[in-house]
Amino acid sequence: MKYVLILTISLLFSNLMAEMLKIPQEESLVLPLPLPYERKELSNAELIDFISQSQLGNQSIIIFGANWCPDCRILEGTLQLPTVRKFMDQNFSIMHIDLGKYDLNMSLMELIGIPSQEGIPRVIIFNENGKPLNLDSSDRWRAARDDKQQDIFNYFQKFVLH
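Calculation criteria
- Residues numbered from 1 in each chain as written.
- Predicted model: local features only at pLDDT ≥ 70, side-chain atom pairs only at ≥ 80, totals over all residues.
- Heavy atoms only, no water.
- Helix = DSSP H or I, 4+ residues; strand = E, 2+ residues; numbered from the N terminus.
- Buried < 20%, exposed > 50% of the residue type's maximum accessible area, 1.4 Å probe, protein only.
- Contact = heavy atoms within 4.5 Å.
- Areas by Shrake-Rupley, 256 points an atom, 1.4 Å probe, with all protein chains shown as cover.
- Phe/Tyr/Trp six-rings, centres within 6.5 Å; stacked < 30°, edge-to-face > 60°.

S.K.: What is the right way to look at the overall build of the protein in this model?
M.R.: A count of helical and extended segments in the protein gives six helices and three strands. The order of α-helices and β-strands along the protein, N terminus first, is α-α-β-α-α-β-α-β-α. Taking all 162 residues of the protein together, 43% fall into the buried category. The long-range share in the protein, meaning contacts at least 24 apart out of those at least 6 apart in sequence, stands at 72%. About 9,300 Å² of surface is accessible on the protein, with carbon and sulfur atoms providing 55% of the total.

Put into structure tokens, the structure is as follows:
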């Protein structure tokens, strides 16, 4: 019985992994890495308006970060790889929110339900009703430099609802 259970779980996991898109070997991070954050203060209303767009098609993603953060830049570089970019454009709308040196837009994290603790990037993926899907792993990419680009891509693929 134990063997059957292990075999079943293994088959389910391998099927899930087989359905994930793969980044071709010829695609790699391009230097210099992107600088996606603008030192711009956003209002609660702007954030809520962006999240509510999930109801119109693509799921909303908020990425809190800063250009001085190497993990933020590695995450963004991965999102810019052609295969990843195409997938992300088809499924998500992304808003980058600059936290500066933890002196800008910090209250927006709390608005979503994230304690304004240090550690970026913080990625929040929403469902079609504007509810966060990944609050328990929103800090997953604070060490993006230690992960493979495929692992980062797989994370986003897991949260696609359609």
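S.K.: Would you mind showing me how to read the packing of aromatic side chains here?
M.R.: For any pair of aromatic rings, geometry is given as the distance between the ring centres together with the angle between the planes. In the structure shown here, the tally under the stated rule is seven aromatic pairs. Seen in terms of ring centroids, Phe87 and Phe153 are 5.3 Å apart; in terms of plane orientation they differ by 80°. Their pairing is edge-to-face. In this pair, Phe87 sits in helix 4 (residues 82-91) while Phe153 sits in helix 6 (residues 149-158), placing the two residues 66 residues apart along the sequence. When sorted by exposure, Phe87 lands in the same class as Phe153, which is buried. Aromatic ring contacts, followed pair by pair, group Phe87, Phe92, Trp141, Phe153, Tyr155, Phe156 and Phe159 into a single cluster.

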